[in-house]
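Examination of the molecular architecture
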Amino acid sequence: MKIKLYYGPRKGFEKYLPDKSRPKNLTQLIELSDQNKRAVRVDIPNAEKTRKNKPKFKNVIATTEEYSLLSDSGLNGLITLINEFTIENIFFQNPPQNIVQQLKKVYGGLSEDKYIYKTLGLSKLKEFSTKFDIEILGQERAKYKLISSLYQLAKNYTKSKPLILMFYGPAGVGKTETAKLLSNVLGQKLFRKQFSMFQNSSFADYIFGASHNSSSLARDLLERESNIILFDEFDKPNSVFFSAFYQMFDEGEFIDKNYKVDLKNTIIICTSNFTDKHQIKEVLGDAIYSRFDSFIEFSQLSPDVILELITRMFNKTYSALDSDDKKLLNADDCLALLLSIANGNLNARELDKFVKEFIFARIITNSEI
């Protein structure tokens, strides 16, 4: 039996499997095993013969989500399950360390392959720089410092170490949008985790890995499709949890109770609403502060930028209206009025809501509803 371990997202795993393969999966093996055991227990004729003549399969797969279906005893008894069948090839996607240890103990050396993530080169960096000027308004200083940091990665001066960046500044000024833009330029789906959504107890389980059959950061990272990682509102968890990121930020390796993740050559972006670097250091602590490669400040939007954003948002919303609703508006007059009453204290998200509320309020006022 040939055993192959694959580390990466499901779409990569499916391409990794043999062409025209119609494999059995781990869940189906469990069901067949249970059927055979029931057959023996009720003494069905020829049950003993069926048990001796093992079912044969050319290819069997075990996917990331299937391990969570196993109990602790089922996980520990995986080798026994496998030996109930004659299997030519078995492919494991992102197996927990418990399974890897069992397989190595019984079968010795194992074949391992990893998903190849796209990395940032100079051509993509130039494309990102051009698109930043178009899509992220009013953040020229942030762009200059960010490009300087990304250049080091593009030229491999970081020696495969992750690039760890802190984006800080007011809400709604382009921090998250910059991470999305970078991932889009690389043609990848951004890996994003919103840390404010976790309470302390749930965050501990998620970060350190409570059980193989529960969600964890390590398991999610193994399934990521991008080497751009965004930890939104990084400052929200209790600082006691930051120790879990030391090795990740230093060496590009993340290990919990069940999984081990290779994060070399990644770009890890953490966002916060801190106002300055002194506040970051004071709240996060020296140990995690010192592990950031660069702190990139995003500024409050200027009045000119706000007017430009309103114009863009108005044109985008207006162009999406159907012909009947467009007839109810005088576009030039509406935009001029919007610009005249704009609130300079609003951020981009608030401006978007403000523009849409204004447009649809005018439509309702001029309609027969």
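Preceding this section is the structure that the text describes.
**Structural notes on the packing of aromatic side chains**
Taken as a whole and assessed by the stated rule, the structure comprises 23 aromatic pairs. When the ring of Phe231 is compared with that of Phe245, the centres are 5.7 Å apart and the planes differ by 65°; the resulting orientation is edge-to-face. Of the two residues, Phe231 sits in strand S8 (residues 228-232) while Phe245 sits in the loop between S8 and helix H12 (246-251), which places them 14 residues apart along the sequence. Neither Phe231 nor Phe245 differs from the other in exposure class; each is buried. Summarising the aromatic geometry, the rings of Phe245 and Phe249 are spaced 5.8 Å apart at their centres and angled 45° between planes, so their arrangement reads as tilted. Summarising the burial analysis for this pair, Phe245 and Phe249 share the class buried. Ring pairing ties together the aromatic residues Phe195, Phe203, Phe208, Phe231, Phe234, Phe241, Phe242, Phe245, Phe249, Tyr289, Phe292 and Phe295, which thus form one cluster. Cation over ring: Arg224 sits above Tyr117, and NZ or CZ is 4.2 Å from the ring centre.

**Describing empty space enclosed by the protein**
Empty pockets left among the atoms are what a rolling probe the size of a water molecule brings to light. Taken as a whole and judged by the stated rule, the model has one cavity of 30 Å³ or more. Each pocket or cavity is described by its volume, and for the largest cavity that value is around 40 Å³. In terms of lining residues, the largest cavity is bounded by Lys118, Thr119, Leu120, Leu153, Leu186, Asn227, Ile228, Asn265 and Ile267. Within the lining of the largest cavity, the residues separate by chemical class into five nonpolar, three polar and one charged.

**Topic: a nonpolar patch on the surface**
A grouping of Leu122, Tyr151 and Tyr157 is seen on the molecular surface, where their side chains present a nonpolar patch of about 330 Å² in accessible area. Assignment of secondary structure puts Tyr151 in helix H8 (residues 140-154).

About the criteria used
Residues numbered from 1 in each chain as written. Predicted model: local features only at pLDDT ≥ 70, side-chain atom pairs only at ≥ 80, totals over all residues. Heavy atoms only, no water. Phe/Tyr/Trp six-rings, centres within 6.5 Å; stacked < 30°, edge-to-face > 60°. Helix = DSSP H or I, 4+ residues; strand = E, 2+ residues; numbered from the N terminus. Buried < 20%, exposed > 50% of the residue type's maximum accessible area, 1.4 Å probe, protein only. Lys NZ or Arg CZ within 6 Å of the ring centre and 35° of its normal. 1 Å grid on protein atoms, 1.4 Å probe; cavity = no way out; pocket = protein on both sides within 12 Å on 5 of 7 lines; lining within 4 Å. Points joined across faces, edges and corners; volume = space filled by probe spheres on them. Nonpolar A, V, L, I, M, F, W, Y, C, P; charged D, E, K, R; others polar. Patch = residues over 30% accessible without salt bridge, like charges linked within 9 Å, V, L, I, M, F, W, Y side chains within 5 Å. Areas by Shrake-Rupley, 256 points an atom, 1.4 Å probe, with all protein chains shown as cover. Salt bridge = Lys/Arg side-chain N within 4 Å of Asp/Glu carboxyl O.

So far we have only geometry, and geometry alone does not tell us how the molecule works.
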